[in-house]
Amino acid sequence: MFPNDYFSPEDQGPEREEPEKTGPRRFFGLLLTESGALLKLNLLFLLTSIPLVTIPPAALALSRVVRGLLDDKPGRAYAYWAEFKRCWVPGWGAFLLTAVPLFSSGYGMIFYMSYAGTNWMAFVPFVICTTVFLTVMQGTTYLWGLLALGRGLSLETVRLALALGLGKPLRGGLAAAAWYLPLAAAVLFFPLSMTYLLLLGFSVPCLLSHFYLRTVLRALPD
């Protein structure tokens, strides 16, 4: 009945804000808008991982800067270098806390499973090793997620990671699969996957892993 410009903007009331994108729209939107940052961060991670001994701090630095993309923080190179310098102690601490029990329990699973066919008693340590492996796997995902948010590596953080792994196993499992399955597939199909690994093979799985954890970790008190 009246033209749209009949009333002044004050009379029309506040403009409606566009709802925040969630789910797949949010993730693929980040892939499009932050593709340059993800490419750059992936190359920086590979560059700083060449000495091998630097892999744990490099992984945590990548995790922190990529996690910041979910909060609309820029994925700048200087932010990565700053985190890389700060992540030596927590990076190596988290690596030892997770890699040692994962490797030990994983080896135990394979070892006792090979004897389970001839000795049923081998199922007991096999079940124990499997339980430890799955529990640590779930806790590992949340531990790195908590460290990526800036929490310190402490007994409280480790306990919280284990509690979240046991209490929220679905999100932790999805986050672990998002990180480990693409990497395992890339190793399996190497060298055909070399281009993928060089460009996005670490930053994109890292982003997807944190994407699954974001709703759980966002609800935690500071």
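Residues numbered from 1 in each chain as written. Predicted model: local features only at pLDDT ≥ 70, side-chain atom pairs only at ≥ 80, totals over all residues. Heavy atoms only, no water.

**Student:** I'd like to hear about the overall build of the protein chain, residue by residue, with values.
**Tutor:** In terms of helices and strands, the protein chain carries 11 helices and 0 strands. Along the protein chain, helices (α) and strands (β) appear in the sequence α-α-α-α-α-α-α-α-α-α-α when read from the amino end. The buried share of the protein chain, reckoned over its 222 residues, is 37%. Carbon and sulfur atoms make up 69% of the accessible area of the protein chain, which amounts to about 13600 Å² in all. (Helix = DSSP H or I, 4+ residues; strand = E, 2+ residues; numbered from the N terminus. Buried < 20%, exposed > 50% of the residue type's maximum accessible area, 1.4 Å probe, protein only. Areas by Shrake-Rupley, 256 points an atom, 1.4 Å probe, with all protein chains shown as cover.)

**Student:** I'd like to hear about the nonpolar core, residue by residue, with values.
**Tutor:** One finds Leu41, Phe45, Leu62, Val66, Tyr80 and Leu207 to be the most contacted residues of the largest nonpolar core, which totals 22 residues. Elements with a minimum of two residues in this core: helix H2 (23-33), helix H3 (35-48), helix H4 (55-69), helix H5 (77-86) and helix H11 (203-218). Element by element, the count of residues in this core is highest for H4, at 6 residues. The residues touching Leu62, leaving out its near neighbours within four places in the chain, are Leu41, Phe45, Tyr80, Phe202, Ser203 and Cys206. (Core = buried A, V, L, I, M, F, W, Y, C linked by side-chain atoms within 4.5 Å. Contact = heavy atoms within 4.5 Å.)

**Student:** For the confidence of the model for the protein chain, give the residues involved together with the corresponding values.
**Tutor:** Averaged over all residues, the pLDDT of the protein chain equals 86, while 90% of them reach at least 70. Least confident of the elements in the protein chain is helix H1 (residues 9-12), whose mean pLDDT is 48; most confident is H4, at 95. Throughout residues 1-13 the model reports pLDDT below 50, and contacts reaching past four residues in sequence, or to other chains, amount to 2 contacts. (pLDDT = per-residue confidence, 0-100.)

**Student:** Describe the side chain of Glu83, and please don't skip the residues or the numbers.
**Tutor:** Looking at the secondary structure, you find Glu83 in helix H5. Classification of Glu83 by relative accessible area gives buried; the value is 16%. For Glu83, the residues in contact, after removing those within four places along its chain, are Ala61, Arg64 and Val65.

**Student:** Any chance you could break down the packing of H3 against H4 for me, citing the residues and the numbers?
**Tutor:** A pair of packed helices can be characterised by two numbers: the angle between their axes and the separation between those axes. Two numbers describe how H3 lies on H4: the axes approach to 9 Å, and their chain directions differ by 170°. As the angle between them shows, H3 and H4 are arranged roughly antiparallel. Only Ile55, Ala58, Ala59, Leu62, Val65, Val66 and Leu69 of H4 make contact with H3, whose side of the interface consists of Leu38, Leu41, Phe45 and Thr48. Residue composition of the contact of H3 with H4, grouped by class: 10 nonpolar, 1 polar and no charged. (Axes fitted to C-alpha atoms, helices over the stretch in contact; angles between N-to-C directions. Parallel < 35°, antiparallel > 145°, perpendicular 65-115°, else oblique. Nonpolar A, V, L, I, M, F, W, Y, C, P; charged D, E, K, R; others polar.)

**Student:** Would you mind going over a nonpolar patch on the surface in detail, with residue names and values included?
**Tutor:** On the surface, Leu39, Leu43, Phe190, Met194, Tyr196, Leu198, Leu199 and Leu200 cluster together into a nonpolar patch covering about 660 Å² of accessible area. Going through the elements one at a time, H3 and helix H10 (194-199) are the ones with two or more residues in the nonpolar patch. Broken down by element, the residue count for the nonpolar patch peaks at 4 residues, all from H10. Position of Phe190 among the secondary structure elements: in the loop between helix H9 (169-188) and H10. Phe190 gets classed as partly exposed once you look at its relative accessible area, which sits at 47%. (Patch = residues over 30% accessible without salt bridge, like charges linked within 9 Å, V, L, I, M, F, W, Y side chains within 5 Å. Salt bridge = Lys/Arg side-chain N within 4 Å of Asp/Glu carboxyl O.)

**Student:** Run through the packing of helix H7 (residues 123-148) against H11, naming residues and quoting values.
**Tutor:** One way to put it is that H7 packs onto H11 with a least axis distance of 10 Å and a crossing angle of 80°. When the interaxial angle is binned, H7 and H11 end up roughly perpendicular. The segment H7 lies against H11, with Thr141, Tyr142, Trp144, Gly145, Leu146 and Ala148 engaging Ser209, His210, Leu213, Val216 and Leu217. Split into classes, the residues belonging to the contact of H7 with H11 amount to 7 nonpolar, 4 polar and no charged.

**Student:** A description of the pattern of salt bridges should follow, citing residues and the corresponding values.
**Tutor:** Pairing between side chains of opposite charge can happen when the charged atoms of each approach one another. This model, assessed by the stated rule, comprises 4 salt bridges. Of the charged contacts, one joins Arg26 and Asp72 as a salt bridge, the two residues approaching to 3.5 Å between their closest N and O atoms. A residue pair is termed long-range when its members are at least 10 positions apart, and Arg26 in helix H2 and Asp72 in the loop between H4 and H5 qualify at 46 residues. Here the residues in one salt-bridge network are Arg64, Glu83 and Arg86, joined through shared partners.

**Student:** An account of H3 is requested, with residue identities and associated values reported.
**Tutor:** Taking 1.5 Å of rise per residue, 14 residues should cover 20 Å, and H3 covers 20 Å from first to last C-alpha, within 8% of that figure. Among all positions in H3, only Ala37, Leu38, Leu41, Asn42, Leu44, Phe45 and Thr48 are buried. The arc that holds every buried residue of H3, seen down its axis, measures 165°, which confines them to one face. The secondary structure elements touched by the buried residues of H3 are H2, H4, H5, H10 and H11. (Expected span 1.5 Å × (residues − 1). Arc of directions from axis to C-beta.)

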